Amino acid sequence: KRMEEVNQTKVTEFILDGLTKNPELQLPLFLIFLGVYLVTVVGNLGMIFLIIFSSQLHTPMYYLLSSLSFIDFCQSTAITPKMLVNFVTEKNVISYPECMVQFYFFCAFAVAECYMLAVMAYDRYVAISNPLLYNVTMSYQVCLWMIAWVYGMGFLSAIAFAFFLIRLLFCKANIIRHYFCDLFPLLELSCSSTFINEVLVWSLASFNILMPAMTILSSYIFIIVSILNIHSTGGRLTAFGTCSSHILAVAIFYGSLAFMYLQPSSVSYVGQSKLSSVFYTIVVPMLNPMIYSLRNKDVKVALKKFIQKLHKPLYYILNSLSYIDCCHSTVITPKMLVNFVTEENFSCSSTFINDLLALSSAINNIVLYLTTIPSDMFIIVSILHNPSTEGRFKAFRHLWLPQFGYCCFFVIFNVNVSAIISSHLHRPRESV
């Protein structure tokens, strides 16, 4: 009978409390964190692609930096989108499995970032203290093993935390006083004993924070000693400037983690934990590309060369196409997204003007498509006159993908327009 009562009251979904309940702050916070998330995605993914496509950045330091950017991107993506939903809905409901999955990936990438920062500090120690042995000590195989160890520690720690969290029972209370599924807010809702989870937090979480922190601290002690041995004043200032940026990012990340997870359980952490969590889940992933990359001379040179390669008429036209696609998507998508979170999607205006615009757009699109046919014919003839087989293949490769995309857009767009016009023509007229 006791088991039946527990099963009947078992929680199947949670409600995230969010950052604030003040309705006047919902829209400003939504816009702020949306902008932060976009900067995070563009900065981290841009850094990954820049390192991949720039041969001068194929060094151990930038391999580690690309891994850090990937971790920051994944950690922010696991938290921020669901938090943004909370700003546009009255109740941000998250199912029990989805909550456990969010906590698992958050925990995995948070722990992985701790160890990745430690590995990067060790990499800088080797580069400054033993520059002649740097390529031997930090070889490609060593970097791979370090990266594998970083992700292994992250996912193993997340498995341990998630395993004991799933074993807990959640009965009636289902409001998580946080903007994502974090450990301590979930432990507060449990109706079973959380002693094992608290011991695991103090042991494993302390180990995952203190061990990388001690590695970073010892590495920087040796780095500072090496910098003080530099006779050039300009070299000292440059080295200290680079280290100060790294230390600042590490201090923000580890300080917020320590403040969050190493405080006594009796301390009220509701408001304070939200503030500290914002730093290491949202702000730090946005700042890392700037701290570790934009202040780096090699990255600036690689970015400048990459941009110079794109200063061609083809990419100017592609830039205009991207702007048009962005505007086109912005006109349609926001209203569609509102439809997903509202019960009724009203439209008070007549659809005749919209249908007329769609018809004119279809006619214009057909005319533009017909004008591209002669151009494509001349291009194909020119390609066939190319005596080099490799040159023909390269030219066809540059031609078929844009034309294939345009044909798909042409077919899909005009099929939709035809459906709109057909529905308008067959619509029953209302009697006056």
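It should be emphasised that the depicted structure is a prediction, and the values quoted were computed from it without experimental measurement.

Trainee: Please clarify how the environment of Ala118 should be interpreted in this entry.
Mentor: Looking at the element boundaries, Ala118 is found in helix 4 (residues 96-129). Ala118 gets classed as buried once you look at its relative accessible area, which sits at 5%. Taking the C-alpha atoms as reference points, Ala118 and Met214, separated by 96 residues in sequence, lie 8.5 Å from one another. For Ala118, the contacting residues outside a window of four places in its chain are Pro212, Thr215 and Ile216.

Trainee: How should the pairing of strand 2 (residues 92-95) be read in this particular structure?
Mentor: Two faces belong to every sheet, and in a regular strand the side chains alternate between them. Burial along strand 2 is one-sided: Asn92 and Ile94 are buried, while Val93 and Ser95, pointing the other way, are not. Across four bridges, the pairing between strand 1 (residues 13-16) and strand 2 is antiparallel. Within the sheet, the bridge partner assigned to Ile15 lies in strand 2 and is Val93.

Trainee: I would appreciate a short explanation of the UniProt feature "transmembrane region" (unreviewed entry) in the protein in the present structure.
Mentor: In the UniProt entry, the feature "transmembrane region" (unreviewed entry) is given for residues 29-55, 101-122, 142-170, 209-230, 237-257, 277-294, 366-384 and 404-425. Counting secondary structure, residues 29-55 comes out at 93% helix and 0% strand; the distance between its end C-alpha atoms is 40 Å. Within the segment residues 209-230, helix and strand shares are 91% and 0% respectively, and the terminal C-alpha atoms sit 32 Å apart.

Trainee: Please clarify how the packing of aromatic side chains should be interpreted in this entry.
Mentor: Given two aromatic rings, their pairing is described by the distance between the two centres and the angle made by the two planes. Considering all chains together, one arrives at 16 aromatic pairs under this definition. Taken together, the ring pairs connect Tyr104, Phe105, Phe109 and Phe155 into an aromatic cluster.

Trainee: Looking at this structure, I do not really get the pattern of salt bridges. What am I missing?
Mentor: Between side chains of opposite charge, pairing is possible as soon as their charged atoms come close. Counted by the stated rule, this structure contains two salt bridges. Between Arg124 and Asp123 there is a salt bridge, with its nearest N and O atoms 3.0 Å apart. Residue class for Arg124 comes out partly exposed when judged on its relative accessible area of 23%. Salt-bridge contacts for Glu188 lead to Arg177; the nearest nitrogen and oxygen are separated by 2.8 Å. Of this pair, Glu188 sits in helix 7 (residues 183-189) while Arg177 sits in the loop between strand 3 (175-176) and helix 7, and the two are 11 residues apart along the sequence.

Trainee: Would you mind showing me how to read the nonpolar core here?
Mentor: Soluble globular proteins tend to pack their nonpolar side chains together in the buried interior. Counting residues in hydrophobic clusters, the biggest one holds 88 residues, and the most contacted among them are Phe14, Leu165, Phe170, Leu186 and Tyr292. Per-element accounting of this core gives the leading share, 21 residues, to helix 4.

Trainee: Whenever I open this one, the pairing of strand 1 confuses me. Can you help?
Mentor: Of the pairings in the sheet, the one linking strand 1 to strand 3 comprises two bridges and is parallel in character. Looking across to strand 3, one finds that Ile15 is bridged to Ile175.

Trainee: Sorry if this is basic, but what is going on with the sheet that holds strand 2 here?
Mentor: Think of a sheet as strands paired side by side through backbone hydrogen bonds, with each pair either parallel or antiparallel. With mixed pairing, three strands are arranged side by side in an open sheet as 2-1-3. The sheet is open, and its two edges are formed by strand 2 and strand 3, each paired on a single side. With respect to the sheet, helix 3 (residues 60-88) is in contact with strand 1 and strand 2, its orientation differing from that of strand 2 by roughly 140 degrees. Against the sheet, helix 4 makes contact with strand 1, strand 2 and strand 3, and its axis sits at roughly 85 degrees relative to strand 2, the strand it touches most.

Trainee: Hey, could you run me through the environment of Leu186 in this one?
Mentor: Among the structural elements, Leu186 can be located in helix 7. On the basis of relative accessible area, Leu186 is assigned to the buried category, the value being 0%. For the pair Leu186 and Leu165, spaced 21 residues apart in sequence, the C-alpha separation works out to 8.4 Å.

Trainee: Mind showing me how you'd approach the environment of Leu19 here?
Mentor: Structurally, Leu19 is set in the loop between strand 1 and helix 2 (23-53). Exposure remark for Leu19: the relative accessible area of 22% places this residue in the partly exposed category. Once the C-alpha coordinates of Leu19 and Val278 are considered, the two residues, 259 residues apart in sequence, prove to be 9.4 Å apart.

Trainee: For this particular structure, what's the right way to read the state of the cysteines?
Mentor: Think of a disulfide as a covalent bridge from one cysteine sulfur atom to another cysteine sulfur atom. Per the stated rule, a full pass over the model turns up two disulfides. Through a disulfide, Cys99 is tied to Cys181; the S-S separation comes to 2.0 Å. One quick way to see it: the torsion about the S-S bond of Cys99 and Cys181 is about -130 degrees, and its sign makes the bridge left-handed. Remark: Cys181 occurs in the loop between strand 3 and helix 7 and Cys99 occurs in helix 4; sequence separation between them is 82 residues. The pair formed by Cys99 and Cys181 is uniform in burial state, with each residue classed as buried. Taking only the cysteines that form disulfides and numbering them from first to last, the protein has the pattern 1-3, 2-4. Cys114 provides the cysteine sulfur closest to Cys107, a residue in no disulfide bond, and the two sulfurs are 9.6 Å apart.

Reading the values: the criteria
Residues numbered from 1 in each chain as written. Predicted model: local features only at pLDDT ≥ 70, side-chain atom pairs only at ≥ 80, totals over all residues. Heavy atoms only, no water. Helix = DSSP H or I, 4+ residues; strand = E, 2+ residues; numbered from the N terminus. Buried < 20%, exposed > 50% of the residue type's maximum accessible area, 1.4 Å probe, protein only. Contact = heavy atoms within 4.5 Å. Pairing = 2+ DSSP bridges. UniProt positions renumbered as here; feature names shortened; annotations may be inferred. Phe/Tyr/Trp six-rings, centres within 6.5 Å; stacked < 30°, edge-to-face > 60°. Salt bridge = Lys/Arg side-chain N within 4 Å of Asp/Glu carboxyl O. Core = buried A, V, L, I, M, F, W, Y, C linked by side-chain atoms within 4.5 Å. Axes fitted to C-alpha atoms, helices over the stretch in contact; angles between N-to-C directions. Disulfide = S-S within 2.5 Å.

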